[in-house]
Amino acid sequence: MKRMARATIAGGIRRFWSAIPKIVYLGRRPSVLFIALTRKCNANCVFCAYQFATTEQRAHMPWEIFDQVIEEIKRNGIREVMLSPNIGEPTIAPDVIEKIKRLRRAGVRHIAMTTNALYFNKIGLDQLLTNGPDSIDISFAGFDKEMYERDFRVKHYEKTRDNILGLLRANKKLARPRVINLRLRGDGSVEEMMAKPEMAEVRQLANSISAMTEVDNWLGLIEEEALPMGYKLQSNSPPLSHLPCRMLQDLTVHPDGDIHLCSCRNVSGDPDMHIGNLRHMPLIEAHRKIPDVLKKWEQGRPPKSCQTCSMYNDPAPGLVGRVRQVWAKRWFRRAA
Ligand code: SF4
Ligand code: SF4
């Protein structure tokens, strides 16, 4: 019943999408920010575009840019940040915990990251749970050494396994201060991955578990022949509609200060989604440029990358939640 109602509402929203003023779902200022603290990674997954990143793209965000990000967060009252847009392992960013502390001091209320768990022991499990992100999504091939080494192409299975189990156990001991989700991305079947003995404990301790059975081709970069046997390339991609992809509604700041749209598949800085650079453009100005990209899409000219992307995200079903998220902080501020 609920699903039917939601689909009917989404259908109505879809029909009148371009008539909805963009400020309704974008807000006057950015409310969410994707920050690439680093675009370097300590793994080299077969299914990820990281393997094609240039040396120039593989960079950490310098303090100078991070300080500017902090100023912009304060200025705009941004309350939500995500630390792992498209490629890069956030835990290897220099001084990552200090940076997360600064984000909190700047007023951010929710910090999320996706991580491969390989570096947890270097940061310290207690440190990560006490001062780290609120929500941690762990991307892992599964509790199988050979599969892990084949898919993530690094030789640290035991360490990674111990880091994952250790973090979940420590989180329980501290009365679960953090949300920890396990995202299985191995080349085995879901049944096989879920049946590993370690999974019994993970089921008790993780907030959620999901398993990916198909991988996306990252705008054509990943070819089926290059993948281990068990992986399948995603076959049915959602078709683009006249509604601009949901991923075009938020800004992403890269280590060099470049401001882009799409924290998902825009790995190579598509000029159609490039907004400016933080060194010369405050975030509010970047935010005001988002409607130009959206309007072009509505006129039948989506960014080049989107035309071959299989990760199109229809914004209609999430519109109500999005509006609530965008305007909540304004009401909160006014009431305070
Ligand atoms: S999926 Fe994540 S861990 Fe794997 S190479 Fe890409 S950025 Fe690194
Ligand atoms: S269609 Fe793909 S590339 Fe375009 S904004 Fe969406 S996720 Fe990004």
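Placed above this text is the structure.
Criteria and cut-off values
Residues numbered from 1 in each chain as written. Chains lettered and ligands numbered in written order. Predicted model: local features only at pLDDT ≥ 70, side-chain atom pairs only at ≥ 80, totals over all residues. Helix = DSSP H or I, 4+ residues; strand = E, 2+ residues; numbered from the N terminus. Rg over C-alpha atoms; globule rule 2.2 N^0.38 Å. Contact = placed C-beta atoms within 7 Å. Pairing = 2+ DSSP bridges. Right-handed = clockwise from strand over helix to strand, strands pointing away. Near = placed C-beta within 6 Å. Nonpolar A, V, L, I, M, F, W, Y, C, P; charged D, E, K, R; others polar. Expected span 1.5 Å × (residues − 1). Buried ≥ 20, exposed ≤ 12 C-beta atoms within 10 Å, placed from the backbone. Arc of directions from axis to C-beta. Axes fitted to C-alpha atoms, helices over the stretch in contact; angles between N-to-C directions. Core = buried A, V, L, I, M, F, W, Y, C linked by C-beta atoms within 7 Å.

**Some thoughts on the overall build of the protein**
If you tally the helices and strands in the protein, you get twelve helices and eleven strands. For 336 residues, the compact-globule formula gives about 20 Å, and the C-alpha radius of gyration of the protein, at 20 Å, lands near that figure. Dimensions of the protein, computed from C-alpha atoms along their principal axes, come out at roughly 55 × 50 × 45 Å. Long-range pairs, those at least 24 residues apart, make up 76% of the contacts in the protein between residues at least 6 apart in sequence.

**Description of the pairing of strand β1 (residues 32-35)**
Note that β1 and strand β2 (residues 80-82) share three bridges and pair parallel. In the strand pairing of β2, Val32 is matched with Glu80. Considered for its hand, the β-α-β crossover made up of β1, helix α3 (residues 63-76) and β2 is right-handed. Pairing of β1 with strand β9 (residues 251-253) involves three bridges; the strand directions are parallel. Across the sheet, Leu33 pairs through a bridge with Leu251, a residue of β9.

**Comments concerning the site of ligand 2**
Taken together, 14 residues lie near ligand 2, and Cys245, Cys262, Cys264, Cys306 and Cys309 sit nearest. Looking at side-chain class alone, the shell around ligand 2 contains ten nonpolar, three polar and one charged residues.

**Observations concerning α3**
Here α3 spans 20 Å end to end across 14 residues, near enough to the 20 Å set by a 1.5 Å rise per residue. For α3, every residue scored as buried is listed here: Ile65, Phe66, Val69, Glu72, Ile73 and Asn76. For α3, the angular spread of buried residues about the axis comes to 115°, placing them on one side. α3 presents Trp63, Glu64 and Asp67 as exposed residues on the side facing more than 90 degrees away from its buried surface. On its buried side, α3 packs onto β1, α4 (96-105), β9 and α11 (283-298). Positioned one or two residues after α3, Gly77 has a phi angle of 65°, which is positive.

**Things to note about the environment of Thr55**
Relative to the helices and strands, Thr55 is located in the loop between β1 and α3. Owing to 6 C-beta atoms within 10 Å, Thr55 belongs among the exposed residues under this scheme. Distance in space between the C-alpha atoms of Thr55 and Leu129 is 32 Å, their sequence separation being 74 residues.

**Details of the sheet that holds β2**
On the basis of which strands lie adjacent, the open sheet formed by nine strands has the order β6-β5-β4-β3-β2-β1-β9-β10-β11 and mixed pairing. The strands lining the two open edges of the sheet, one partner per strand, are β6 (208-211) and β11 (274-277). Each neighbouring strand pair of the sheet contributes to a mean axis angle of 20°, computed without reference to strand direction.

**So, α11**
A rise of 1.5 Å per residue sets the reference length of α11, with its 16 residues, at 22 Å; its end C-alpha atoms lie 24 Å apart and thus fit the reference within 8%. Looking at α11, one finds that the buried residues are Leu283, Ala286, His287, Ile290, Val293, Leu294 and Trp297. Projection of α11 onto a plane perpendicular to its axis shows the buried side chains occupying an angular sector of 100°, all on one side. In this structure, α11 carries Glu285 and Asp292 as exposed residues pointing more than 90 degrees from its buried face. Buried-residue contacts for α11 involve α2 (22-26), α3, β9, β10 (258-261) and β11.

**Observations regarding the nonpolar core**
Residues Leu33, Ile35, Val81, Leu248, Leu251, Val253 and Leu261 are the most contacted members of the largest nonpolar core, which totals 83 residues. Here the element with the most residues in this core is α11; it accounts for six residues. Sequence-distant contacts of Leu251, defined by excluding residues within four places in its chain, comprise Pro30, Leu33, Phe34, Ile259, Leu261, Ile275, Leu283, Ala286 and His287.

**Quick notes on the environment of Ala328**
With respect to the helices, strands and loops of the structure, Ala328 is situated in helix α12 (residues 319-335). Note: C-alpha distance between Ala328 and Met82 (246 residues apart in sequence) is 18 Å.

**Considerations on the environment of His280**
Position of His280 among the secondary structure elements: in the loop between β11 and α11. Sequence spacing of His280 and Asn44 is 236 residues, and the spatial spacing of their C-alpha atoms is 33 Å.

**Observations concerning the site of ligand 1**
As a matter of local geometry, ligand 1 sits amid Cys41, Ala43, Asn44, Cys45, Cys48, Tyr50, Ile87, Gly88, Glu89, Asn116 and Ser139. Among the residues making up the shell around ligand 1, the classes are represented as six nonpolar, four polar and one charged.

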